[in-house]
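Summary of the model geometry
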Amino acid sequence: MKLLFLACLSPKTGNYTTAERIRSHIESAGHSCELRDVADFHSPSDLAHLVSQNPPFEGALAIHLFKAGRLLLDLRLPFGVIFGGTDINEDVKDEQKRVVMEQVLLKARFAVAFTEKLKEEAEFVLVSPDSKIYVQPQGIQTEVAEQFCWTEFLRSSEWHSKNLHNILIIIGPKVDPALTAEVEAVVKRATGVFLAQERSQQELHAAMKRCYAVVNSSVSEGMSAAILEAMDLRVPVLARNIPGNAAVVKHGVTGLLFSSPQEFVHQSQRLLSDQELRERVVRSGKLYVEEHHSVKQERETYQRLVDKLHKAQFLA
Ligand SMILES: *[C@@H]1O[C@H](CO)[C@@H](O)[C@H](O)[C@H]1NC(C)=O
């Protein structure tokens, strides 16, 4: 089956990694699956043009009901959707967007939520007549680059003369210009906090592996693949206590949670001084990822769901 897969594909983001992984699951079942960035399509007609190519696409998949799924509404292709982070947390608050998302969900042959909670929230805010929302957590796979060095950070300041454990490095692409400016301004005033450019996933994992802990201080909801990857790499996790993080980090078991700067410092100090705690957290985190975020299971789910599209194509 020839499938079109639409997603927001800024390079070196979590979205990109997820989309690539799902694409490879689908191809390993013998289908062809073309991944396209929603940013390349300015109107549904741009997409209609692509879809009618020869040989034509026979089905579609989209990550994000609003950003990507809506482009599929007018096409006569069976499709499935995967809830994106901002769908339920942000976009539903806008009534117009919510209505569009509801249409997407109605027309979709299936929808995938990364968590049970997201599924419940989606069913609460969007009408979904038959239960077509499946829960499939993201599969987590880590690979550490063999060659990696910190020179960039060493150059950036005198940090190496201090205690390495007291340094916070923020790594990632500049996706949102307003947020980037805000972060840069704060970092300039702070000592011991550094910004680093995005890098390949293997290099990022190599960097994580060399850290004492991985921190997530996000206040906005979502599911953190970075936290799960840290667990997989046996690096302790310190995360802000928000529902998205608390869903994967059980305080004192798979990681540590904090709600204030003071608590962050306190929990970090605990982690530094209590070797037993550190070992426990690392062990349970690894087990948690293996049990709940297996790539093998993720592959089987998507292969089964794509079979539904395959069958729908013959019924249409
Ligand atoms: C931090 O956690 C939030 C909520 O779980 C998530 O949306 C975000 O992607 C995470 N970011 C990183 C870098 O872990």
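What counts as what
- Residues numbered from 1 in each chain as written.
- Predicted model: local features only at pLDDT ≥ 70, side-chain atom pairs only at ≥ 80, totals over all residues.
- Heavy atoms only, no water.
- Helix = DSSP H or I, 4+ residues; strand = E, 2+ residues; numbered from the N terminus.
- Rg over C-alpha atoms; globule rule 2.2 N^0.38 Å.
- Buried < 20%, exposed > 50% of the residue type's maximum accessible area, 1.4 Å probe, protein only.
- Contact = heavy atoms within 4.5 Å.
- Lys, Arg positive; Asp, Glu negative; His and termini not counted.
- Charge placed at Lys NZ, Arg CZ, Asp CG, Glu CD.
- Near = heavy atom within 4 Å.
- Polar contact = N/O pair within 3.5 Å; in protein donor to acceptor, adjacent residues only side chain to side chain.
- Areas by Shrake-Rupley, 256 points an atom, 1.4 Å probe, with all protein chains shown as cover.
- Nonpolar A, V, L, I, M, F, W, Y, C, P; charged D, E, K, R; others polar.
- Domains from an automatic or database assignment.
- Buried area = accessible area lost by both parts, 1.4 Å probe.
- Salt bridge = Lys/Arg side-chain N within 4 Å of Asp/Glu carboxyl O.
- Pairing = 2+ DSSP bridges.
- Axes fitted to C-alpha atoms, helices over the stretch in contact; angles between N-to-C directions.
- Expected span 1.5 Å × (residues − 1).
- Arc of directions from axis to C-beta.
- Core = buried A, V, L, I, M, F, W, Y, C linked by side-chain atoms within 4.5 Å.

1. A word on the overall build of the protein chain
Along the backbone of the protein chain there are 13 helices and 11 strands. Relative to its length of 316 residues, the protein chain is compact, with a C-alpha radius of gyration of 21 Å against a globular reference of 20 Å. Taking the principal axes of its C-alpha atoms as reference, the protein chain extends roughly 65 × 40 × 35 Å. Burial statistics for the protein chain: of 316 residues in total, 45% are counted as buried. Restricting to contacts in the protein chain with at least 6 residues of sequence separation, those with at least 24 account for 65%. Here the protein chain contributes 37 positively and 40 negatively charged side chains, and the mean placements of these two sets differ by 2 Å.

2. Points about the site of the ligand
For the ligand, the full set of nearby residues is Asn216, Ser218, Ser220, Glu221, Gly222, Met223, Ser224, Ala226, Ile242, Gly244 and Asn245. Note that an oxygen atom of the ligand is positioned 2.4 Å from one of the side-chain N or O atoms of Asn216. A distance of 2.6 Å is found between an oxygen atom of the ligand and a side-chain nitrogen or oxygen belonging to Asn245. Starting from 370 Å² of accessible surface for the ligand in isolation, the protein chains cover 67%. Class assignment for the residues of the shell around the ligand results in three nonpolar, seven polar and one charged.

3. Side note on the domain arrangement of the protein chain
Per the domain assignment, the segments of the protein chain are domain 1 (2–139 + 294–315) and domain 2 (151–292). Domain 1 and domain 2 are separated by 30 Å when their C-alpha centres are compared. Between domain 1 and domain 2, the residue contacts involve 11 residues of the former and 14 residues of the latter. Summing both partners gives a buried area of about 960 Å² for domain 1 against domain 2, and 61% of it is carried by carbon and sulfur. Interface area lost by domain 1 to domain 2 is led by Lys12, Gln138 and Ser294, which between them contribute 44%. Applying the counting rule to domain 1 against domain 2 returns zero salt bridges. For the pair domain 1 and domain 2, the number of links is zero residue pairs in polar contact (both at pLDDT 80 or more). The residue inventory of the side of domain 1 that touches domain 2, partitioned by class, reads three nonpolar, six polar and two charged.

4. Re the side chain of Ser284
In this structure, Ser284 sits in helix H12 (residues 275–292). Leave out the neighbours within four places in its chain, and Ser284 touches Val253 and Thr254.

5. Re the sheet that holds strand S4 (residues 79–82)
With parallel pairing, six strands are arranged side by side in an open sheet as S2-S1-S3-S4-S5-S6. Each end of this open sheet is capped by a strand with a single partner; those strands are strand S2 (32–37) and strand S6 (133–135). Strand-to-strand twist of the sheet, defined as the mean angle between neighbouring strand axes without regard to direction, takes the value 20°. Bridging between strand S1 (residues 2–7) and strand S3 (residues 59–63) involves four bridges; their strand directions are parallel. Bridge assignment links Leu4 to a residue of S3, and that residue is Ala60.

6. Some details on helix H11 (residues 261–273)
Between its first and last C-alpha atoms H11 spans 19 Å; for 13 residues at 1.5 Å apiece the expected length is 18 Å, and the two agree. Among the residues making up H11, those that are buried are Gln267, Ser268 and Leu271. Mapping the buried residues of H11 onto a view down its axis gives an arc of 105°, with all of them on the same face. For H11, exposure combined with an orientation more than 90 degrees from the buried face picks out Gln262 and Ser273. Looking at the buried positions of H11, the neighbouring elements they touch are strand S10 (237–240), strand S11 (256–258) and H12.

7. Here we look at the nonpolar core
Nonpolar side chains in soluble globular proteins tend to end up buried together. In terms of nonpolar packing, the biggest core is built from 34 residues, with Leu6, Leu47 and Phe83 touching the most fellow members. Not counting residues up to four positions away in its chain, the partners in contact with Leu6 are Arg36, Val38, Phe41, Leu47, Leu61, Ala62, Ile63, Ala68, Leu71 and Leu72. Of all hydrophobic cores here, the second largest spans 20 residues; its members include Leu9, Ile63, Ile82 and Phe114.

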